[in-house]
Amino acid sequence: MKNLQTFRAKATVTVGLVGLLLTSCGSDSKSSDNTKASNSASSAAPSIETSQPSTTQPIETSPPTTAVPTLPPGPPVFDPQTIGSNMTLPNFIVTVTVANTNSGQLTETVTTSGYINDPLSVYKLATFASDGTTPGGTRNYLINGRSYEENNFGDWYLYESASSDAPDYTDRLDLISGTVAGVSTADFDGQADVEGIPANHFVFDETDLASYGSFTAENPAPAVEGDFYLAQDGNYVLSSHSKESSPNRVYEVTEALSFVGQLTEITLPPELVPMTEALDLGVEFGGLLPSGSSLSKLIRYTHGIGVDYYTYTASVRDNDEFLNFYRSLAPTNGWTVAHIGHISTHLEPINCETDIDCVILTNGGEQIVVSYRGRITLEYDHEHVFGPA
C-alpha cells in the first residue's frame, strides 16, 4: 500500500471517438471525475476542448465530418531512461545527508562536494558522528590534476597528476546514481522552483522501487516514502529524499544540488598547502631514480614512524637492474649512495631486512631508503629509523 500523504493524481486521456463519448457522459460520471480531481495535489486536470461540427451543408455525395478534439499536453511522466546528468553543468555544490538509526542509535554522515567543470576541480568534505560521540571527518580535493586526501585520523594520501592510483572524486557527484537510480516508477505531484530553477516534483513509495519485486510475504518490504525534483530544462536531479522504515531501523537519505553556476574556484585550505609541497618534493626525488620513473602517490601517517612513503612507476625490469643503477650512481643534488644491501628494521611495505637488497641514500642529515618490487618505493626517513642490517 502506498503511504505518502500527498495523493497521486493520474489522468488518462483518450482521444478520438472515445473522447467524444466521454464528453457526453451524464452528471454522475462528471461528479466522479470532479471528486478525483479535487483529491489531486496538483492543479485540476486541464479541460478537453472539442470543436463543433461544421454548420456548412456538406456536398450530398460526402458524409458529414467529425472534428478530432485538440488535447492539451498531459502532466510530465517519470521515465528512468531519460534522466539527465548534473555533471553537464559548469559548476555546483552537492550535499548528501545519510541518517541511519538502528535500535535507537543514530549514525549520521553529511558529505558536501563542490565541482567545477573547467578546469576540473573538486572538493569533498565529509563529517560523520554517532550519538554521544565527537564528529570525525575526511577532506578530499582534486586541483590541477593532483588528488589530496586527509582521512579521519589525519593521514595523508596524495596522488600526482595522471596517477593510475588516484581515486575518482567525481564518481558520486552525479545524482542520477543516488536515490533516483533505485526508482522505477513515480507520480507527478506538481511544479516548483528549486533555488530558482523550474522543476517537476515526483513522489514514490516502496511499490515504485526496482527492488520491490524481490520481497515476499515472509520477508516484506520496508515502508518507504520519498520524493524528488527534476529540472524542467535538462531533466537532471535537483534534490531527492527517501525514508525507509522497518522494525528497529530507519534509513533516511537527502540529496540536494545547490549554488549552480556560482562556484568560481576551489583551493586547498592553508593548513593543507604542505600537501602540495610534499608532492613537489616527490617530483624532485625522481631525479635520484632510474630513468623513466614517474611519481604516483605519497602516504604520510600521522601516528606512524616518521616516514613518508612515495611510490613511483619504473622502467627497470627486476631488482638486479634496479641495484645496478645505484652501484654506478654518482653524487646527485647532494645525495650519495650510503648502503646497498639488507636494512634493519625494515619489513614493510617491502621486506628489506631478510628478503631483498635495498638502497640507502644520504644528504647531510637527511636519509631516504629506495627499494623495488614491480614499482619503486622511496621512503623519506625523517627520524633515521632505518640502517644497514
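So, here is what we can say about the structure in this document. Here the structure is a predicted model, which means the values were calculated and not measured.

1. Quick notes on the overall build of the chain
Looking only at helices and strands, one finds four helices and 19 strands in the chain. A buried classification covers 36% of the 389 residues belonging to the chain. Restricting the contact set of the chain to residue pairs at least 6 apart, pairs at least 24 apart contribute 56%. Working note: accessible area of the chain is about 21,300 Å², and carbon and sulfur atoms make up 52% of it.

2. Let's talk about helix α4 (residues 319-327)
For an α-helix, the turn length of 3.6 residues means that residues three or four places apart are oriented alike. Those residues of α4 lying buried are N319, F322, L323 and Y326. The buried residues of α4 occupy an angular sector of 90° when the element is viewed end-on, so they sit on one face. Along α4, the residues that are exposed and aim more than 90 degrees away from the buried face are D320 and R327. Where the residues of α4 are buried, they touch β14 (336-341), β16 (358-363), β17 (366-373) and β18 (375-381).

3. Here we look at the pattern of salt bridges
Using the criterion set out here, one finds nine salt bridges in the structure. The partner of R139 in a salt bridge is E271, with the nearest N and O atoms 2.7 Å apart. Of the two residues, R139 sits in strand β4 (residues 136-143) while E271 sits in the loop between β11 (249-258) and α3 (273-285), which places them 132 residues apart along the sequence. Of the residues examined, R139 reaches a relative accessible area of 21% and is grouped as partly exposed. For D280, the salt bridge goes to R146, with nearest N and O atoms at 2.9 Å. You can see D280 sitting in helix α3 and its partner R146 sitting in strand β5 (residues 146-150), a full 134 residues away along the chain. Classification of D280 as partly exposed rests on a relative accessible area of 40%. Connected via shared salt-bridge partners are R139, E150 and E271.

4. Concerning the nonpolar core
Ranked by size, the top nonpolar core spans 35 residues in total, and within it F285, Y310, F322, I368 and V370 carry the most contacts. Broken down by element, this core gets its largest block of residues, four residues, from α3. Here F322 is in contact with P290, V316, V359, V370, S371, Y372 and I376, once residues within four sequence places are set aside. The next biggest cluster of nonpolar side chains, apart from the first, holds 31 residues, and it includes V122, A186, V194 and A231.

5. Structural notes on the packing of aromatic side chains
Tallying each qualifying case throughout the model produces 15 aromatic pairs. Residues F204 and F228 carry aromatic rings whose centres are separated by 6.0 Å and whose planes lie at 35° to one another, so their mutual orientation is tilted. With a gap of 24 residues between them, F204 in strand β8 (residues 197-205) and F228 in strand β9 (residues 223-231) connect regions that are remote in the sequence. Consider the rings of F285 and W335, whose centres lie 5.8 Å apart with planes at 80°: the pair is edge-to-face. Of this pair, F285 sits in helix α3 while W335 sits in the loop between α4 and β14, and the two are 50 residues apart along the sequence. Given a relative accessible area of 3%, F285 falls into the buried group. Here a set of aromatic residues connected by ring pairs shows up, and it is made of F78, F188, F202, F204 and F228.

6. Observations regarding the state of the cysteines
What we call a disulfide is simply a covalent bond connecting the sulfur atoms of a pair of cysteines. Evaluation of the coordinates by the stated rule reveals one disulfide. Across the disulfide, C352 is cross-linked to C358 (sulfur-sulfur distance 2.0 Å). Its S-S torsion of approximately -80° makes the covalent link between C352 and C358 left-handed. A single burial state applies to C352 and to C358, both of which are buried.

Cut-offs used in this document
- Residues numbered from 1 in each chain as written.
- Predicted model: local features only at pLDDT ≥ 70, side-chain atom pairs only at ≥ 80, totals over all residues.
- Heavy atoms only, no water.
- Helix = DSSP H or I, 4+ residues; strand = E, 2+ residues; numbered from the N terminus.
- Buried < 20%, exposed > 50% of the residue type's maximum accessible area, 1.4 Å probe, protein only.
- Contact = heavy atoms within 4.5 Å.
- Areas by Shrake-Rupley, 256 points an atom, 1.4 Å probe, with all protein chains shown as cover.
- Arc of directions from axis to C-beta.
- Salt bridge = Lys/Arg side-chain N within 4 Å of Asp/Glu carboxyl O.
- Core = buried A, V, L, I, M, F, W, Y, C linked by side-chain atoms within 4.5 Å.
- Phe/Tyr/Trp six-rings, centres within 6.5 Å; stacked < 30°, edge-to-face > 60°.
- Disulfide = S-S within 2.5 Å.

So far we have only geometry, and geometry alone does not tell us how the molecule works.
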